[in-house]
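# Geometric and topological summary
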Amino acid sequence: MNSNLYCDILVNKLKPSIRNKRRGKLSKGVLFLHDNARPHTSCKTVSTIIKLGFEVLEHPAYSPDLAPSDYFLFGLLKKELKGKQFDSDEDVQKVVQDFFHTLSKSAYKEGIYKLQERWRRCIESQEQPAINVKEFEKPHQFKVHNFMGMTWCDFCGNFMWGLIAQGVRCEDCALSAHRRCSEKLPNDCCPDLKLLKRVFGADLTALVKAHNTIRPRVVDLCISEIEKRGLDAEGIYRVSGFSDDIDALRVAIDKDFDSVDISANVYEDINVIAGVLKLYFRLLPIPLITFEAYPNFMSAIKQATLQDKVECTRLALNHLPPAHYQTLKFLVAHLNRVSQYHSKNLMTAHNLSTVFCPTLLRSSDGAPPSEQLAAWQQESVLIELLITHHNILFASK
Ligand SMILES: [Zn+2]
Ligand SMILES: [Zn+2]
């Protein structure tokens with residue numbers, strides 16, 4: 001099996017047989033499941049699937065026990081072939097075809113039903129990825145500091161002379177150093193929970209490192225509530241909640257995250273929760289799509305073909321710090337689910353991208369107004385691409 005053969009099967013066999021056997025399925029949308037074998041993830045296959053318009057379910061890295069055909073079909077086939085000798089390719093072909101024909105309808109049915117259970121395990125395995133948040137790189141936030149009493153440099157160990165402004169201190173982890181020494185320190189800041197006073201407006205990487213979570217907890221909190229009771233709310237994320245309520249919830253989360261109740265008992269209007277999530281992203285000192293990665297994304301979205309846009313956006317994602325990458329991945333997968341309810345909530349991927357654009361990215365330089373409009377349109381196209389193709393873009397390599 002190689003990419004060419006696989007693509008040929010998808011286009012010339014699978015698609016026609018879906019059209020013949022499952023009327024209307026092609027226009028309703030095909031959710032496509034295959035594992036991460038090389039022919040399935042190659043550039044050619046990815047672009048073929050985009051052209052077919054199939055949505056791909058993300059599959060965890062090599063895990064044969066979860067592969068859709070290995071667990072029931074191939075195992076039985078192997079049993080059938082075991083110990084037999086064949087004189088020619090045709091003989092093998094015949095035995096394999098006979099095997100598929102003799103397998104009863106109920107055996108196929110059972111295999112497909114088992115898939116549900118396997119797939120649930122796939123999803124669960126993705127929810128606990130083996131990521132060591134403590135190892136995320138984060139630069140120190142040094143500020144000139146007036147040290148009280150005698151202080152020694154955490155880098156060189158020497159005394160820090162002077163009465164005031166003896167050196168610098170990191171605002172996130174309190175590491176103290178001579179100004180010169182601070183320039184030599186690696187990006188190994190481990191923020192101290194005690195120094196991190198807020199959730200809103202705090203650096204995203206600092207927040208996840210301090211809490212040792214792969215994403216900010218506030219993002220998970222809001223998204224799970226919206227998935228619980230807001231997916232079919234008309235205009236979700238576009239309709240704004242009452243601003244006093246949004247502010248009250250922001251203050252409550254900043255004050256004591258663990259005791260916040262965002263259930264319908266307290267915040268009946270789901271738009272308040274959606275508003276708080278958007279506010280969180282808007283207040284990030286470094287936007288979710290960072291200033292540094294921004295040019296990479298903009299050049300990706302200017303590519304001529306959809307395939308090139310997808311390939312270059314995938315590469316641009318590598319420029320995001322891990323915490324930003326993980327949070328963006330989680331957010332756009334959620335927005336994709338929201339868009340699937342667009343017949344009820346009236347929020348298509350396009351509408352969502354328009355709403356989220358100003359909160360997720362901004363260029364660092366003040367472009368002239370004439371260019372701003374064009375840039376804004378490109379940004380919106382990018383967010384829409386992230387929402388619609390998130391499975392391919394964030395697939396594990
Ligand atoms: Zn630090
Ligand atoms: Zn020093």
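Residues numbered from 1 in each chain as written. Chains lettered and ligands numbered in written order. Predicted model: local features only at pLDDT ≥ 70, side-chain atom pairs only at ≥ 80, totals over all residues.

Of regular secondary structure, the chain possesses 19 helices and five strands. Overall, the C-alpha framework of the chain stretches about 90 × 50 × 45 Å when taken along its three principal axes. Every one of the 397 residues in the chain was classed for burial, and the buried ones make up 27%. Look at the contacts in the chain between residues 6 or more apart in sequence, and 68% of them connect residues 24 or more apart. (Helix = DSSP H or I, 4+ residues; strand = E, 2+ residues; numbered from the N terminus. Buried ≥ 20, exposed ≤ 12 C-beta atoms within 10 Å, placed from the backbone. Contact = placed C-beta atoms within 7 Å.)

Its identity as a non-glycine residue notwithstanding, Y237 has a phi of 80°, on the positive side. Tracing the chain through its elements places Y237 in the loop between helix 10 (217-229) and helix 11 (243-255). Even without glycine at this site, L346 takes up a positive phi of about 60°. Secondary-structure assignment places L346 in the loop between helix 16 (342-345) and helix 17 (349-360).

It is worth spelling out the packing of helix 13 (residues 294-301) against helix 14 (residues 306-317) at this point. Here helix 13 crosses helix 14 at 175°, and the two axes come no closer than 8 Å. Comparing the axis directions of helix 13 and helix 14 gives the class roughly antiparallel. Residues N296, F297, S299, A300 and I301 of helix 13 form the contact with helix 14, whose own contacting residues are K309, C312, T313 and A316. Grouping the amino acids of the contact of helix 13 with helix 14 by side-chain chemistry returns five nonpolar, three polar and one charged. (Axes fitted to C-alpha atoms, helices over the stretch in contact; angles between N-to-C directions. Parallel < 35°, antiparallel > 145°, perpendicular 65-115°, else oblique. Nonpolar A, V, L, I, M, F, W, Y, C, P; charged D, E, K, R; others polar.)

Sheet topology places strand 3 (residues 142-145) next to strand 4 (residues 167-170); four bridges connect them, and they run antiparallel. Bridge pairing in strand 4 links V144 to V168. In terms of strand pairing, strand 4 meets strand 5 (residues 176-177) through two bridges, oriented antiparallel. Within strand 5, the position partnered with R169 by the bridge is S176. Linking strand 4 to strand 5, which pair antiparallel, is a turn of five residues; within it A174 sits at a positive phi near 70°. (Pairing = 2+ DSSP bridges.)

UniProt's feature table lists "domain: Phorbol-ester/DAG-type" (unreviewed entry) at residues 139-189, given in the numbering used throughout. Within residues 139-189, the helical portion is 8% and the strand portion 20%, while the C-alpha atoms at the span's ends are 6 Å from each other. (UniProt positions renumbered as here; feature names shortened; annotations may be inferred.)

Owing to its 3.6 residues per turn, the α-helix aligns residues three or four sequence positions apart on the same side. The terminal C-alpha atoms of helix 18 (residues 369-388) lie 29 Å apart, and with 20 residues this matches the ideal 28 Å at 1.5 Å per residue to within 8%. Among the residues of helix 18, E379, L382, I383, E384, L385, L386, I387 and T388 are the ones counted as buried. (Expected span 1.5 Å × (residues − 1).)

Further remarks concern the environment of G162. One can find G162 in the loop between strand 3 and strand 4. We classify G162 as exposed; it has 11 C-beta atoms within 10 Å. When the C-alpha positions of G162 and S104 are compared, they lie 86 Å apart, and in sequence the two are 58 residues distant.

In spatial order, the strands read 3-4-5; together these three strands make up an open sheet with antiparallel pairing. What marks the edges here is a single partner per strand, and that holds for strand 3 and strand 5.

What follows deals with the environment of N158. Structurally, the position occupied by N158 is in the loop between strand 3 and strand 4. C-beta crowding within 10 Å serves as the criterion here: with 10 such atoms nearby, N158 is assigned to the exposed category. Between the C-alpha atom of N158 and that of L14, which follows or precedes it by 144 residues, the distance is 71 Å. Setting aside residues up to four positions removed in sequence, N158 forms contacts with W152 and C153.

Our focus in this paragraph is the nonpolar core. If you look at the biggest cluster of nonpolar residues, it comprises 59 residues, and the most contacted ones within it are C222, I236, I273, V276, L277, F297 and L352. Broken down by element, this core gets its largest block of residues, nine residues, from helix 12 (residues 270-282). Residues within four places of L352 in sequence aside, it is in contact with Y237, L335, V338, S339, M347 and I387. One finds F142, C153, V168 and C189 within the second-largest nonpolar core, a separate group that totals nine residues. (Core = buried A, V, L, I, M, F, W, Y, C linked by C-beta atoms within 7 Å.)

The share of residues in the chain with pLDDT of 70 or more is 91%, and the mean pLDDT across the chain is 87. Per-element confidence in the chain is highest for helix 12, whose mean pLDDT is 97, and lowest for helix 7 (residues 105-127), whose mean pLDDT is 71. (pLDDT = per-residue confidence, 0-100.)

Following the sequence through the fold, K51 ends up in helix 4 (residues 43-52). Its 13 C-beta neighbours within 10 Å are what place K51 among the partly exposed residues. Distance in space between the C-alpha atoms of K51 and Q307 is 9.0 Å, their sequence separation being 256 residues.

With their axes 8 Å apart at the nearest point, helix 9 (residues 204-211) and helix 15 (residues 322-340) run at an angle of 90° to one another. With respect to their mutual orientation, helix 9 and helix 15 come out roughly perpendicular. Residues L204, T205 and V208 of helix 9 form the contact with helix 15, whose participating residues are A323, H324 and T327.

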